[in-house]
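Breakdown of the fold
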Amino acid sequence: MVSKHIRFLSLFLGLLLLSTSAPLAAQTVATIRGVVTRSEDKGPLAGVVVSVKGLTGTGTASGTTGKYTLVRIPVGPQTLLFRYPGYAQVERSLTVTDGMSVDVAMESKPVNLADITVTAASKEPERIVEAPAAVTSIEPRVLQTNSSTGQAPMALAQGSGVDVTQSGVNDFNINAR
């Protein structure tokens, strides 16, 4: 009697293992690497947001050399999105395979300040020109320039109503009205 239960249990566990391993094999993931550059001078573009259209939690940003790495991307047809303020968004449709490289050159595009959306005092997304409180937009290039020397808080000093006091090499006090 005990041997019947053991055989049944082992058969049940075997079928369970087969049924759960088949979907895992079908859900293969890949890693995508690449470099994002400016189309004008082929220089690296840091801080570009790279994501997979329709998949949350898959995004990354390009580093100071323009290189990025996307991990755990499902194999098969996908669309990559490249976004950066002041540049036209790039969509690249492709069939994902492991270890592939996708390099992109982005074209600059003037930004209309009225099109910038912020979430400020009203706690709702709205155009920056309609915000009920003073809002200052700091360009990513300013932050990148100051962050390499540990002086990123100094970029905030250009905002209206912001006082930045430096009391050490990397020690800042920030007061905002």
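Scroll up for the structure.
Here's a quick rundown of the structure. Being a predicted model, the structure only gives us computed values, none of them experimental. (Residues numbered from 1 in each chain as written. Predicted model: local features only at pLDDT ≥ 70, side-chain atom pairs only at ≥ 80, totals over all residues. Heavy atoms only, no water.)

**Things to note about the pattern of salt bridges**
Throughout the structure, instances matching the rule amount to two salt bridges. The salt bridge partner of aspartate 41 is arginine 38, with a shortest N-O separation of 3.1 Å. Across the pair glutamate 91 and lysine 53 runs a salt bridge whose closest N-O atoms are separated by 3.5 Å. Of the two residues, glutamate 91 is situated in strand β6 (residues 90-96) and lysine 53 in the loop between β2 (49-52) and β3 (60-61); the sequence distance between them amounts to 38 residues. Overall, the relative accessible area of 45% leaves glutamate 91 in the partly exposed class. (Salt bridge = Lys/Arg side-chain N within 4 Å of Asp/Glu carboxyl O. Helix = DSSP H or I, 4+ residues; strand = E, 2+ residues; numbered from the N terminus. Buried < 20%, exposed > 50% of the residue type's maximum accessible area, 1.4 Å probe, protein only.)

**Quick notes on the pairing of β6**
Pairing of strand β5 (residues 76-83) with β6 involves seven bridges; the strand directions are antiparallel. Among the inter-strand pairings, glutamine 78 is bridged to a residue of β6, identified as leucine 94. Hairpin connection, β5 to β6: the antiparallel pair is bridged by six residues, and glycine 86 has positive phi, about 90 degrees. (Pairing = 2+ DSSP bridges.)

**A few points about the packing of aromatic side chains**
By the definition in use, this model includes two aromatic pairs. Aromatic pair tyrosine 68 and phenylalanine 82: ring centres 5.8 Å apart, planes at 75 degrees, arrangement edge-to-face. In this pair, tyrosine 68 is assigned in strand β4 (residues 67-74) and phenylalanine 82 in strand β5, connecting sequence segments 14 residues apart. Just as tyrosine 68 is buried, phenylalanine 82 falls in that class too. Considering the side-chain rings of tyrosine 84 and tyrosine 87, the 5.6 Å spacing of their centres and the 55 degrees angle between planes classify their relative orientation as tilted. Judged by relative accessible area, which is 8%, tyrosine 84 ranks as buried. (Phe/Tyr/Trp six-rings, centres within 6.5 Å; stacked < 30°, edge-to-face > 60°.)

Treat this as a map of the structure, not an account of what it does.
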